[in-house]
Structure formats: C-alpha cells, structure tokens
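This is what each chain is made of:
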Amino acid sequence: MKMATLPSLFSLRHLLVLSLALNVSFILRMVYEGDDRYCLGKERAGEHNNIHKSRMLISSFSNSTCTDRTTGGGSRNRVINLDHLCSRYIIYKPFVLELVSLVPFSSLLPEKTGTEFGDKFVSKAELQYWSGDPTVYEKFWRQRGDKTTIIIPGWQSMSYFSDVSNICWFLEPEFAKEVVRLHKVVGNAVTEGRHIVVGTGSSQLFLAALYALSPPDSPQPISVVCASPYYSSYPSMTDCLKSGLYKWAGDAESFDKDGPYIELVTSPNNPDGHVRRSKVNRSQGLLVHDLAYYWPQYTPISSPADYDLTLFTVSKSTGHAGMRIGWALVKDKEVAKKMTKFIELNTIGVSKDSQLRAAKVLKAVSDSSEQGNSQEDESFFKFNHKLMSNRWKQLRVVVDRSGLFSLPKFSPAFCTFFNQLLEPQPGKVN
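Throughout this description, residue numbers start from 1 for each chain and increase along the sequence as written. Only residues with pLDDT of 70 or above have their local features reported here, since the model is predicted, and side-chain atom pairs are shown and tallied only from 80 upward, although totals for entire chains, interfaces and linings are computed over all residues. Remark: hydrogens and water are excluded; side-chain values derive from all non-hydrogen atoms of the structure.

### Regarding the pairing of strand 8 (residues 309-313)
Part 1: Relative accessibility under 20% of the residue-type maximum defines a buried residue, over 50% an exposed one, and the middle range a partly exposed one, all with a 1.4 Å probe and only protein chains included. Numbering goes from the N terminus for both helices and strands, where a helix is a DSSP run of H or I of at least four residues and a strand is a run of E of at least two. The element strand 8 is extensively covered by neighbouring structure, given that five of its five residues are classed as buried.
Part 2: Alternating residues of strand 8 divide into Leu309, Leu311 and Thr313 and Thr310 and Phe312, and every residue in both groups is buried.
Part 3: A pair of strands is considered paired only if DSSP assigns at least 2 bridges between the two. As defined by bridge partners, strand 7 (residues 285-290) adjoins strand 8 across two bridges and the pair is classed as parallel. The residue bridging aspartate 290 from the neighbouring strand is leucine 311, located in strand 8.
Part 4: Bridge count for strand 8 against strand 9 (residues 326-330) is five bridges, and the pairing is antiparallel. Counted as the bridge partner of threonine 310 is leucine 329 from strand 9.

### Observations concerning helix 10 (residues 333-347)
Part 1: A helix is expected to span 1.5 Å multiplied by its residue count minus one. Across its 15 residues, helix 10 extends 21 Å between first and last C-alpha, which sits within 8% of the 21 Å expected from 1.5 Å per residue.
Part 2: For helix 10, the complete set of buried residues consists of Val335, Ala336, Met339, Thr340, Phe342 and Ile343. All buried residues of helix 10 fall inside an arc of 155° around its axis, so they share one side.
Part 3: Among the structural elements, strand 3 (195-199), helix 7 (201-213), strand 8 and strand 9 are those in contact with the buried residues of helix 10.
Part 4: The first or second residue beyond helix 10 is isoleucine 348, which carries a positive phi of 50°. Directions drawn from the helix axis to the C-beta atoms are what define this arc. We call two residues in contact whenever any of their non-hydrogen atoms come within 4.5 Å of each other.

### Some words on the sheet that holds strand 5 (residues 246-251)
Two strands in a sheet stick together by hydrogen bonds in their backbones, pointing the same way (parallel) or opposite ways (antiparallel).
Part 1: Strand order in the open sheet formed by seven strands is 3-9-8-7-6-4-5, with mixed pairing between adjacent strands. Strand pairing shows two members of the sheet lacking a second neighbour, strand 3 and strand 5, which therefore form its edges. The average undirected angle you get between the axes of adjacent strands in this sheet is 25°.
Part 2: Packed onto the sheet, helix 7 meets strand 3, strand 4 (222-226), strand 5, strand 6 (261-266), strand 7, strand 8 and strand 9 and runs at close to 165° relative to strand 8. The axes are straight lines fitted to the C-alpha atoms, using for helices just the contacting stretch, and the angles between their N-to-C directions are given from 0 to 180°.

### A few points about the packing of helix 7 against helix 10
Part 1: Orientation of helix 7 relative to helix 10, taken along the N-to-C sense of each, is 125°, at an axis distance of 8 Å. As far as their axial angle goes, helix 10 and helix 7 are oblique. Classified by chirality, the crossing of helix 10 by helix 7 is right-handed. Only Val335, Lys338, Met339, Phe342, Ile343, Leu345, Asn346 and Thr347 of helix 10 make contact with helix 7, whose side of the interface consists of Gln204, Leu205, Leu207, Ala208, Ala209, Tyr211, Ala212 and Leu213. Every angle not falling under 35 degrees, over 145, or within 65 to 115 is termed oblique; those three ranges are roughly parallel, roughly antiparallel and roughly perpendicular. Less than a right angle of anticlockwise turn of the near helix away from the far helix marks a crossing as left-handed, whereas a clockwise turn marks it as right-handed.

### Details of the pattern of salt bridges
Any two side chains of opposite charge can pair if their charged atoms end up close together.
Part 1: By salt bridge we mean one thing: a side-chain nitrogen of Lys or Arg within 4 Å of a carboxyl oxygen of Asp or Glu. Within this structure, the stated rule accounts for 12 salt bridges.
Part 2: Linking lysine 331 and aspartate 308 is a salt bridge whose minimum nitrogen-to-oxygen distance equals 3.6 Å. Highlighted residues: lysine 331 in the loop between strand 9 and helix 10 and aspartate 308 in the loop between strand 7 and strand 8, separated in sequence by 23 residues.
Part 3: Notably, a salt bridge pairs glutamate 344 with lysine 341, separated by 3.3 Å at the nearest N-O pair. Taken together, the positions of glutamate 344 and lysine 341, both in helix 10 and three residues apart, correspond to about one turn of that helix.
Part 4: We classify glutamate 344 as partly exposed; its relative accessible area is 27%.
Part 5: Owing to a relative accessible area of 36%, lysine 341 belongs among the partly exposed residues under this scheme.
Part 6: Overlapping salt bridges, with partners in common, bring together Glu178, Arg181, Lys363, Asp367 and Glu370 in one network.

Functional significance is not addressed by these values, which are geometric in nature.
Quick look at the structure:
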C-alpha cells in the first residue's frame, strides 16, 4: 500500500523543492563551514545589538567583514558582515529569489508537510532579507557632529499651518528653500516652475499622485503600470485601499488596454539600478517619475530631470529614513492642489518637526558640496560615492570567487556633478 501511494507523494513540484533546498543548503554550508576565502576581512566583530537569530545578516554597524556567533541555543551562526562591502539591505529580495529560480521559496513548500520540510531544511539554510534600512550613511553624519543638530522649543510647530499662501499650506518654507538649493547644487532636477508638495515619505506622495491624476468621474479605475522588474510594493500600495479611482494593471511592457493610464517610471530603477524611460508612450498616458535614487552617490547625473511630476525622499538621498519625509516637484497647479488635498485628508499635513530637521540635513549636504571641493572627506556625495564604490568592488570580488552568482553590468556615463565618466553603483543588488 505504501509503495502504491509513492508516485502521488513525490510530484514534480516536490522534486523541484528538494532540488532547490539541496542547492541552498549547499550554498549555506559553504558560508557556515567554508574557509575565509569567502570573506575579505579577518577581524572579529565586537558587540552587535541588532543580531538576533539570522543565519545570514547584512550589517552596517560592526567593523568586521566576517565573524562567527553562537546563539543561546548553542548553534553556530556565521554572520556575513558587509560593512565594507554593501549596505544593510544589499542582499535584497530579488537577490535572494535568484537562489530559488525567481520563485518565492515559501510558495514551493508542500502544503501538507510544509512545517516538517521547513524544520529539516529551511532552518538549516535560512536566508534573511531586509526591506531596506540605509544606515550606511551613519558614519558620515557622526563625523559631522552637531552641524545637523536642531533645538525645537516647546511652543514651536503648534499650528497646523506653515504658509497659507502656498498651495501646499503645510510645507515649511525653510524645507522648501533647502530642497530647491540642493537640486541646484546637484543639478538633478528642474525646480523652476514647479510646486513643491511635501509628504510623509515618498510612499504617501505616490498615493497622492495616483489620487490627483485619476479621473474622478471615470466609469472604471484608471490602470497603473510599471515596467518589470519594479519596486515590489507598487502593486500592494496601489490596491491596498481598493480605490475605485485607480487599479494596478501590471507590467507596462505588456500593457495593451485602450484609454488613459498612469505609468510609473523609476529611474534609476528599483531594484536593478538601470536608467529607465517610459514604455507605453501613448497620448493618454500620465507619468509619475520616481527619482529616489537619482543622486550622485548611486548614478551619474546626466542632466536635470524635467518632468511633470517627480518624487524624491530623504531616506535615499541622505539616509534619514526615520524622518519619513519626501517631496514632489509638480508642474501642474491643479495636480499639486489635489495631491495636497489627499495629504490633508490622509494625515492633515506633514510633521513640522521632521521638515525642520530635514531642512537642516539638506543644508548640511549642500554646504558640504559647495565648501568641500578640495576636501573629499567633507563632501557628503564624494564621501558616500567612494563608500559605495568600494563596497561594489569588494562585492564583485566575493561574487566572482563564489562562482555561484552573477552581478549586473553597468555602462559608464558622464556625471555632470563629479565632472567625470562614472559607472552606476546602485543601493541594491538584483
């Protein structure tokens, strides 16, 4: 009877899972038990408060590159510390999925024996990936000391309003001034003839843009598309509210529906780092350009971006993700009004305290760029371009030695900010 049921137990799907598990287990065995040729450093890590039970952890706080840990349960963990290789989020979801043929590992587990399968294989070949935490820039900001410190008295920022004469009435004038100044210093975006809309991170601005661009009286939701591979949260963010105004419609490359649409253009792209342009290119299309990574530490600045609606965020530009501040440069006055209305309905404005702190940080970045031309360690972009460059170089060495993975190739381009030919070095690996 047992032999008779064997074919039904071992389907092609189960064999695929077994094969993938063995491959991942083999990879992790090399990481756990291999010699130090897969690590570039020999120092031992000090105390690390953020390590819990991850089998593979990318850290940006400790100084060593590779070290062993023993958990309370007695198991031995090899912590891959890429402090000199990549940021804490460099092994990102797409990179991990590459190990399992671009299929989410959990979706391949047998339904009835998933727990048992996980106990036997997954716990021994556990890959932890992070959604992104740009603390890689902490070193620079620590060196700046109190140059970005602000004191906010208890009576300040009490009103809802910042500037009632502005379309975005909760936009702090000081923050708006530093946004314009920084774009002029870097040369990565046109600010003349644009309305600045501040948001709680670019995520809120993304939703505000969809709200503002959607026809209010359309009988069906407008389609939202983006060329693949795209930011993994775009679909869920678009559809999370189940809005009757807009709906996720997938890959822009295969989009063939007639009528108006909204296309998201992320450049440099998240997750692969390549420069992007719109794909659909039809007369009724509305474009939202997400330029979160269009800063000189990540990619050559070719010219000021001149689009109808562009999104930026301090989390990628300066590394201050915890501020939750982003901004949009909007050409059309009515679109800016609708975006402002969305934020008003959503959060009744944006934190003044965060805007004031962000203004101080952006000012420090601009100051360092204007005053530190002859002092590389004083310029934010020079300092962190060098940091990113070193990490990519060392990461390529590790990957080449492993013979297991491949990294994308990027074509050099002239950077107007650094005034030289440079190769892109994205903040994430795909």
